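# Summary of the model geometry
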Amino acid sequence: MKLFAIFGNPVSHSLSPRMHNLAFEELGIQGAYIRYTLEDGTTLRDRFEALGLSGANITVPHKEVALQACDEIRGIAKDIRAINTIIKEDKKLIGYNTDAPGFLRALKNFTTPKSVLIIGAGGTARALSFALKSIAITPHLLNRSKGRLESFINQGFECFTPEDFSPRGYDLIINTTSAGLKDDSFPTDEKLLETLFSQAKSAMDVVYGQNTPFLQKAKSAGLEVQDGKAMLLNQGVIAFNLFHGNSLNEEKIEASMQRALTLSSSN
Ligand code: NDP
């Protein structure tokens, strides 16, 4: 039986074990997927080998340091400089980022935007920025502080803090901050959001399973909205198929993982 794990800290909230284990069961594959609290991200490779894993997912806060655990990085992860999936190929560990393609699949639920504003400048904002760039949309970024915007500026993205931002019309506004996850806060000034929403068509929050103040306000402004569940689902489907040499039927994986998410929200 092949063993897989998700590494993070904290990781107890992660829905990935349910998604992957139900997919194993329903697709008739001998496999198991565990969660592993990893405090020191630099020990990832040792843990991966000691557990005898065939593959792993990586979540906060280790997605960037996880690059160092790999022998090779493939695809868009090379631009993002963060990975959420590792696969053992012979004796090598190969790193991928499935958040980016997972987000692009979720984006298909919306009218295709021509212009996008991303609020936040963390790892998720990096994945989404490069995902959008890969489909010829260069997003603008708005973050509460300047520090993390530097790397985006160096890679050619137009970036703002609230102090130097003049609202303009964007088709899609995405919240990649955790504002609203555990409190009632907005990711940026409430009045600024109202102005942005009055000119937008759609809004997405990467936080999942919660009607955040950001989403509530977007809905009241009449926008099409979605939380981060479709992105979570799709990154999981893509990772599961990568774990199995991209040889499986993705519709079947998706159906199982969708069922796992429904089970999760009902208990
Ligand atoms: P990071 O810690 O890397 O980045 C967080 C960013 O949000 C920073 O730019 C930070 O600003 C900003 N921020 C944090 N709190 C606030 C706040 N209260 N108000 C305004 N700005 C804030 O986080 P990640 O990018 O790794 O993750 C962000 C969220 O995305 C998490 O909630 C995570 O669960 C979710 N996520 C969802 C996924 C999905 O599949 N749906 C996949 C991956 C992540 P500053 O630079 O000033 O500190």
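Computed from a predicted structure; not experimentally measured. Every chain begins its residue count from 1, and numbering advances along the sequence as written. Owing to the predicted nature of the model, reporting of local features is limited to residues with pLDDT of at least 70; listing and counting of side-chain atom pairs is limited to 80 or more, with chain, interface and lining totals taken over all residues. The side-chain values count all of the structure's non-hydrogen atoms but skip hydrogen atoms and water molecules.

As a further point, take the site of the ligand. Put simply, a residue is near a molecule or strand once any heavy atom of it comes within 4 Å of that molecule or strand. Around the ligand there are 22 residues in total, and Ala121, Thr124, Arg144, Ser145 and Gly228 lie nearest to it. Residues adjacent in sequence count toward polar contacts only when both atoms are side-chain atoms; beyond that, a polar contact is any pair of N or O atoms within 3.5 Å, and within protein one must be able to donate a hydrogen and the other to accept it. Interatomic distance of 2.8 Å between a side-chain N/O atom of Arg144 and an oxygen atom of the ligand. Interatomic distance of 2.5 Å between a side-chain N/O atom of Ser145 and an oxygen atom of the ligand. Areas reported as accessible are Shrake-Rupley estimates using a 1.4 Å probe. Residue values count occlusion only from the protein chains shown. Summarising the interface, the protein chains cover 80% of the accessible area of the ligand, which totals 940 Å² for the free molecule. Counting from the N terminus, the helices are the DSSP runs of H or I reaching at least four residues and the strands are the DSSP runs of E reaching at least two. Of all the secondary structure elements, the ones that give two or more residues to the shell around the ligand are helix H5 (123-134) and helix H9 (229-243). Across the shell around the ligand, the residue classes tally to 8 nonpolar, 10 polar and 4 charged. Charged residues are taken to be Asp, Glu, Lys and Arg, nonpolar residues to be Ala, Val, Leu, Ile, Met, Phe, Trp, Tyr, Cys and Pro, and polar residues to be all remaining types, Gly included.

Strands qualify as paired when DSSP identifies two bridges or more between them. Pairing is mixed across the open sheet formed by 6 strands, whose spatial order is S2-S1-S3-S5-S6-S4. Edge positions in the sheet fall to strand S2 (31-37) and strand S4 (72-73), since each of these pairs with one other strand and no more. Relative to S2, strand S1 (residues 2-8) runs parallel, the two sharing 7 bridges. Counted as the bridge partner of Lys2 is Gly31 from S2.

The next point concerns the packing of helix H4 (residues 99-107) against H5. For any two helices packed against each other, the geometry is given by the interaxial angle and the distance between the axes. Only the stretch in contact is used when fitting a helix axis, every axis being a line fitted to C-alpha atoms; angles between N-to-C directions are given from 0 to 180 degrees. It is at 8 Å that the axes of H4 and H5 come closest, and there the two elements cross at 60 degrees. For the element pair H4 and H5, the recorded crossing hand is right-handed. In this structure, H4 contributes Asp99, Ala100, Phe103, Leu104 and Leu107 to the contact, and H5 contributes Ala127, Leu128, Ala131, Leu132 and Ser134. Residues that form the contact of H4 with H5 fall into these classes: 8 nonpolar, 1 polar and 1 charged. By definition, turning the near helix anticlockwise from the far helix through less than a right angle yields a left-handed crossing, and turning it clockwise yields a right-handed one. Whether two residues touch is decided by their heavy atoms; if any such pair falls within 4.5 Å, the residues are in contact.

One open sheet holds the 6 strands; their spatial order is S9-S8-S7-S10-S11-S12, and the pairing between them is parallel. Edge positions in the sheet fall to strand S9 (158-160) and strand S12 (224-226), since each has one partner strand and no second. Averaged over all pairs of adjacent strands, the angle between their axes in this sheet comes to 15 degrees, without regard to strand direction. In terms of strand pairing, strand S11 (residues 202-205) meets S12 through 3 bridges, oriented parallel. Bridge pairing in S12 links Ser202 to Glu224. Seen against the sheet, H5 touches strand S7 (116-119), strand S8 (140-142) and strand S10 (172-175) and runs at an angle of roughly 165 degrees to S7.

Here we come to the pattern of salt bridges. Any Lys or Arg side-chain nitrogen located within 4 Å of an Asp or Glu carboxyl oxygen qualifies as a salt bridge. Enumeration according to the criterion identifies 13 salt bridges in this entry. Of the charged contacts in the structure, one is a salt bridge between Glu72 and Arg74, with a shortest N-O distance of 2.8 Å. For the exposure calls, accessible area comes from a 1.4 Å probe over protein chains only, and a residue counts as buried if that area is under 20% of its type's maximum, exposed if over 50%, partly exposed in between. With a relative accessible area of 24%, Arg74 lands in the partly exposed category. For the salt bridge of Arg168 with Glu158, the shortest nitrogen-to-oxygen distance reads 3.9 Å. Residue Arg168 is found in the loop between S9 and S10, and its partner Glu158 is found in strand S9; the two are separated by 10 residues along the sequence. A residue is classified by how much of its surface remains accessible, and Arg168, at 33% relative accessible area, is partly exposed. Given the relative accessible area of 40%, Glu158 is considered partly exposed. Put simply, Arg45, Glu49, Asp71 and Lys88 are held in one network by salt bridges that share partners.

Everything listed here is a matter of coordinates, which is why it stays silent on function.
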